[in-house]
Amino acid sequence: MAGNRQILFIQGGGAGTHDEWDDKLCDSLRRELGDGYEVRYPRMPDEDDPSYARWSPAIWHEMAALDGGAVVVGHSVGATILVNALAERPPEQEIKVIVLVAAPFVGAGGWPGDEFELPHDLGARLPQGVPVHVFHGLQDETAPPSHADLYARAIPQAELHLLSGRDHQLNNDLSEVAKTISPDDLRTATQE
């Protein structure tokens, strides 16, 4: 797969999530992006008990293996840990886009939790000049849609995408995410 553009997809937490839930999101993303993309989907340690202390080193390890210009995508608590890791220290390689899908906001107004609590200046701590997209289903019963608004406030440069009729898994459809990752490539492929 040399020469393909890389996407790193960080799964959500919970028993069986990697093989029974978020694999469908990765399949959707691969299908929508088509040839020319490599979607990496590593298994996070102790997926049934996600922890920043265990997941962030795994995320940094995966990011270090990426080529420059890759896209990072996180789902659910994986997105929360991913954005926290990016705010803690910049990646070794240049990142093209940061995508948060159905991310629970941990902090004031969101979920309680000391370990994942996001810094008040989250947007300023993220890699400068890298677009941030926050996708959230309006029918999400796991992380309420109000969490997306909290992210929009914490990351002023983020573009918010609220999707009607979509649940926490975005109904296993990441077509909007694919269009955001590479709208020019997708437009060219569609015209051919």
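Draft legend 1. Fine view of the overall build of the chain. Summing up its helical and strand segments, the chain has eight helices and six strands in all. Taken from the N to the C terminus, the helices and strands of the chain come in the order β-α-α-β-α-β-α-β-α-β-α-β-α-α. Taken against the 2.2 N^0.38 rule, which gives 16 Å for 192 residues, the C-alpha radius of gyration of the chain at 15 Å falls within 12% of a compact globule. For the chain, the C-alpha atoms occupy an extent of roughly 50 × 35 × 35 Å along the three principal directions. Long-range pairs, those at least 24 residues apart, make up 77% of the contacts in the chain with a sequence separation of at least 6. When the accessible area of the chain is evaluated, it comes to approximately 8800 Å², of which 48% is carbon and sulfur surface. Taking the average location of the 14 positive side-chain charges in the chain and that of its 31 negative ones, the two points are 4 Å from each other.

Draft legend 2. Region of the structure containing a nonpolar patch on the surface. Taken together, Leu138, Leu160 and Leu162 make up a surface patch of nonpolar side chains, about 210 Å² in accessible area. Locating leucine 162 in the fold gives a position in strand S6 (residues 159-163). On the accessibility criterion, leucine 162 (38% relative accessible area) is partly exposed.

Draft legend 3. View of the side chain of aspartate 140. Looking at the element boundaries, aspartate 140 is found in the loop between strand S5 (132-137) and helix H6 (146-154). One buried charge, aspartate 140, has no salt-bridge partner; the nearest side chain with opposite charge is arginine 166, at 11 Å. A polar contact is formed between the side chain of aspartate 140 and the backbone nitrogen of alanine 143, at a distance of 2.9 Å. Within the structure, the side chain of aspartate 140 is placed 2.8 Å from the side chain of histidine 168, a separation counted as a polar contact. Among all residues touching aspartate 140, those that are not within four sequence positions of it are Ala102, Pro145, Arg166, Asp167 and His168.

Draft legend 4. Local environment of the packing of aromatic side chains. Applying the stated criterion across every chain, the model contains three aromatic pairs. Between phenylalanine 9 and tyrosine 41, the ring centres sit 5.7 Å apart and the planes meet at 70°, which makes this aromatic pair edge-to-face. Taken together, the residues span a long stretch of sequence, with phenylalanine 9 in strand S1 (residues 5-10) and tyrosine 41 in the loop between strand S2 (37-40) and helix H3 (52-64) at a distance of 32 residues. Here the two residues phenylalanine 9 and tyrosine 41 agree in accessibility, since each one is buried. Ring centres of tyrosine 52 and tryptophan 60 lie 6.5 Å apart, and the angle between their planes is 85°; on these two criteria the pair is classed as edge-to-face. Both residues of the pair, tyrosine 52 and tryptophan 60, belong to the buried class. Over the ring of tryptophan 60 we find arginine 89, and its NZ or CZ is 3.9 Å from the ring centre.

Draft legend 5. Region of interest: the pattern of salt bridges. Under the criterion given, the structure shown has nine salt bridges. Arginine 43 is the partner of aspartate 19 in a salt bridge, and the nearest nitrogen-oxygen pair spans 2.9 Å. One end of the pair, aspartate 19, is in helix H1 (residues 17-20); the other, arginine 43, is in the loop between S2 and H3, and 24 residues separate them in sequence. For aspartate 19, a relative accessible area of 45% puts it in the partly exposed group. Taking the relative accessible area as the measure of exposure, arginine 43 reaches 47% and is therefore partly exposed. Between arginine 54 and aspartate 49 there is a salt bridge; the shortest N-O distance is 3.3 Å. Shared partners join several salt bridges into a network, and the residues in it are Asp46, Asp49 and Arg54.

Draft legend 6. Representation of the sheet that holds S5 within the structure. Sheet architecture is open: six strands sit in the order S2-S1-S3-S4-S5-S6, paired in parallel fashion. Whereas interior strands pair on both sides, the edge strands pair on one side only; in this sheet they are S2 and S6. With strand direction ignored, the average angle separating the axes of adjacent strands in the sheet is 20°. With six bridges connecting them, strand S3 (residues 70-75) and strand S4 (residues 95-101) associate as parallel partners. Note that in S4 the partner of valine 71 across the bridge is valine 97.

So, how was this worked out
Residues numbered from 1 in each chain as written. Predicted model: local features only at pLDDT ≥ 70, side-chain atom pairs only at ≥ 80, totals over all residues. Heavy atoms only, no water. Helix = DSSP H or I, 4+ residues; strand = E, 2+ residues; numbered from the N terminus. Rg over C-alpha atoms; globule rule 2.2 N^0.38 Å. Contact = heavy atoms within 4.5 Å. Areas by Shrake-Rupley, 256 points an atom, 1.4 Å probe, with all protein chains shown as cover. Lys, Arg positive; Asp, Glu negative; His and termini not counted. Charge placed at Lys NZ, Arg CZ, Asp CG, Glu CD. Patch = residues over 30% accessible without salt bridge, like charges linked within 9 Å, V, L, I, M, F, W, Y side chains within 5 Å. Salt bridge = Lys/Arg side-chain N within 4 Å of Asp/Glu carboxyl O. Buried < 20%, exposed > 50% of the residue type's maximum accessible area, 1.4 Å probe, protein only. Polar contact = N/O pair within 3.5 Å; in protein donor to acceptor, adjacent residues only side chain to side chain. Phe/Tyr/Trp six-rings, centres within 6.5 Å; stacked < 30°, edge-to-face > 60°. Lys NZ or Arg CZ within 6 Å of the ring centre and 35° of its normal. Pairing = 2+ DSSP bridges. Axes fitted to C-alpha atoms, helices over the stretch in contact; angles between N-to-C directions.

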